[in-house]
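Coordinate analysis (summary)
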Amino acid sequence: MLKQSLNGDWKLRRRGQQETIQAQIPGCVHTDLIEAGKIEDPFYRNNEENLMWVGKSDWEYKREFELKDELLNSKKIFLSAKGLDTLAKIYINDQKIAETNNMYRKWEFEIKDYLKEGKNEIKIKFNSPFPYLKKKDEEFQIPAWSVGDHRLHGGGWIRKQPSNFGWDWGPMLVTMGIWKDIELIILNKARIEELKVGQNHLESGSVGIDIDLLTEKIAAEDLNVEVDFSFGGKKAYKNNFKIKGEKAKIEFEVEDPELWWPNGMGDQPLYELEISIFDSRGQKLDSIQKKIGLRELELITEADKWGQSFKFAVNGREYFAKGANWIPADAFVSRVKRKDYRQLLESAAEANMNMLRVWGGGLYESDDFYEICDELGLTVWQDFIFAC
């Protein structure tokens, strides 16, 4: 499997106008307009009101990319867009390939039939959500989001960050754009499609690890799978085996495990898991790495004099959950970097927090957020994104 990134320089224009500006992907319309000097800082004075036209306009991103003949002869070529915000139409060489309507999910489309050798063009047209939501609200009215003047009727009809439309703590800045990585995936044999890791903490003190591996195969040959599970450079488990189909179940035990604890209760050791797949000739096709804390977390609901308890225990020890709501760290989430997450999350840990609630008016956070929480001992209460 090969990947060709489409991140970086794109062109952006407002629909109905000829002028284009430089855009940077991942990003959004607002950040590109700021960088080009076309709008002032949205957080300054009443600029929020002055810039409402941005979210009410339609926008178009485009760029060219080269595709060599040997890649074009691959068996499958996918366009993988990890985040499109939100109502988008995608075109390859002026042929429409797909429409999207969900900011939170990854979109993937097979596009080989739309490509040609040499120079290709990709264009993504984003429609303002306001006309769509007005139409949906007229068809069937549902309660408005948010508080005070920050309300959007029909907002519940779209899978888009609710706080984009304003909240009591933040501005109304309705974003659009390619807010996560976008790339081509060139596939000839197989790739890892999904990996699920479960834990079973046994009475003996050891931890059973259950891994469900799902691959996508487009060649008939068997796959060789290599599993490497280690801590501090020492192997806890290593194995190689073949699979004939697309799925594999991997089970093993870790004896004398180093247990993970919430902040203030102990250390946060993280085991390293790497799973790789190879073809019959030993060529690596794909691999995935994860860091995993071994812990048993349970919610205890027992009858008491008030009705029923609601408390957490980790590794058999009850603990008091103390923390805060986590809202998006910036109105323009594409410009939040790993160092920004670290600074904020380290501040939470230093304030003796051990749990954060990812608030349901924001978004499902980046892998950086959850990985740093693991490192700092911050458990996460994850809302579904259906606030109010």
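All of the points below concern the structure found in this document.

Here is what the cut-offs are and how they apply
- Residues numbered from 1 in each chain as written.
- Predicted model: local features only at pLDDT ≥ 70, side-chain atom pairs only at ≥ 80, totals over all residues.
- Heavy atoms only, no water.
- Core = buried A, V, L, I, M, F, W, Y, C linked by side-chain atoms within 4.5 Å.
- Buried < 20%, exposed > 50% of the residue type's maximum accessible area, 1.4 Å probe, protein only.
- Contact = heavy atoms within 4.5 Å.
- Helix = DSSP H or I, 4+ residues; strand = E, 2+ residues; numbered from the N terminus.
- Expected span 1.5 Å × (residues − 1).
- Arc of directions from axis to C-beta.
- Patch = residues over 30% accessible without salt bridge, like charges linked within 9 Å, V, L, I, M, F, W, Y side chains within 5 Å.
- Areas by Shrake-Rupley, 256 points an atom, 1.4 Å probe, with all protein chains shown as cover.
- Salt bridge = Lys/Arg side-chain N within 4 Å of Asp/Glu carboxyl O.
- Lys, Arg positive; Asp, Glu negative; His and termini not counted.
- Charge placed at Lys NZ, Arg CZ, Asp CG, Glu CD.
- Phe/Tyr/Trp six-rings, centres within 6.5 Å; stacked < 30°, edge-to-face > 60°.
- Lys NZ or Arg CZ within 6 Å of the ring centre and 35° of its normal.
- Pairing = 2+ DSSP bridges.
- Axes fitted to C-alpha atoms, helices over the stretch in contact; angles between N-to-C directions.
- Left-handed = near helix turned anticlockwise from the far one by under 90°.
- Nonpolar A, V, L, I, M, F, W, Y, C, P; charged D, E, K, R; others polar.

**What about the nonpolar core?**
In terms of nonpolar packing, the biggest core is built from 38 residues, with Trp-10, Ile-124 and Ile-182 touching the most fellow members. Residues in contact with Ile-124, not counting those within four places in the same chain, are Trp-10, Trp-59, Glu-60, Tyr-61, Leu-84, Ala-88, Lys-89, Ile-90, Ile-178 and Ile-182. Counting 24 residues, the second-largest nonpolar core is a separate cluster that includes Ile-192, Val-207, Phe-229 and Val-254.

**Here we look at helix α6 (residues 338-350)**
Across its 13 residues, α6 extends 18 Å between first and last C-alpha, which sits within 8% of the 18 Å expected from 1.5 Å per residue. Buried within α6 are the following residues: Tyr-341, Leu-345, Ala-348 and Ala-349. One side of α6 holds all its buried residues, which, seen down the axis, span an arc of 95°. Exposed positions of α6 whose direction lies more than 90 degrees from the buried face are Lys-339 and Glu-350. Those residues of α6 that are buried are in contact with β27 (323-326), β28 (355-358) and α7 (367-376). Taken from the residues just after α6, Asn-352 is the one with a positive phi, measuring 70°.

**Remarks on a negative patch on the surface**
On the surface, Glu-253, Glu-255, Asp-256, Glu-258 and Asp-267 cluster together into a negatively charged patch. Summarising the element assignment, Glu-258 is placed in the loop between β19 (247-254) and β20 (271-278).

**Section: the packing of aromatic side chains**
The way to describe two aromatic rings as a pair is by their centre distance and the angle between their planes. Within this structure, the stated rule accounts for 20 aromatic pairs. Their ring planes at 80° and their centres at 6.1 Å tell us that Phe-310 and Phe-312 sit as a pair that is edge-to-face. Taken together, the ring pairs connect Phe-229, Phe-231, Tyr-237, Phe-252 and Tyr-271 into an aromatic cluster. The ring centre of Trp-107 lies 3.7 Å from the NZ or CZ of Arg-105, which sits over that ring.

**Some details on the sheet that holds strand β7 (residues 88-92)**
Strand order in the open sheet formed by 6 strands is β3-β2-β4-β10-β7-β8, and the pairing between neighbours is antiparallel. Two strands close off the open sheet at either side, each with one partner strand: β3 (21-25) and β8 (95-100). Averaged over all adjacent pairs, the angle separating strand axes in this sheet is 30°, with direction ignored. In terms of strand pairing, strand β2 (residues 8-14) meets strand β4 (residues 59-67) through 4 bridges, oriented antiparallel. Paired with Leu-12 across the bridge in β4 is Tyr-61.

**Looking at the sheet that holds β19**
The 3 strands are arranged β15-β16-β19 in an open sheet whose pairing can be described as antiparallel. What marks the edges here is a single partner per strand, and that holds for β15 (190-201) and β19. Shown here is a sheet whose adjacent strand axes are inclined to one another by a mean of 15°, direction ignored. Strand direction decides the pairing type here: β15 and strand β16 (residues 207-217), joined by 11 bridges, are antiparallel. Bridge pairing in β16 places Asn-200 opposite Gly-208.

**Remarks on the packing of α6 against α7**
Following both chains from N to C, one finds α6 and α7 inclined at 35°, their axes separated by 10 Å at the closest point. The hand of the α6/α7 crossing is right-handed. In this structure, α6 contributes Arg-338, Tyr-341, Arg-342, Leu-345, Glu-346 and Ala-349 to the contact, and α7 contributes Asp-368, Phe-369, Glu-371, Ile-372, Cys-373, Glu-375 and Leu-376. Along the lines of polarity and charge, the residues of the contact of α6 with α7 split into 7 nonpolar, no polar and 6 charged.

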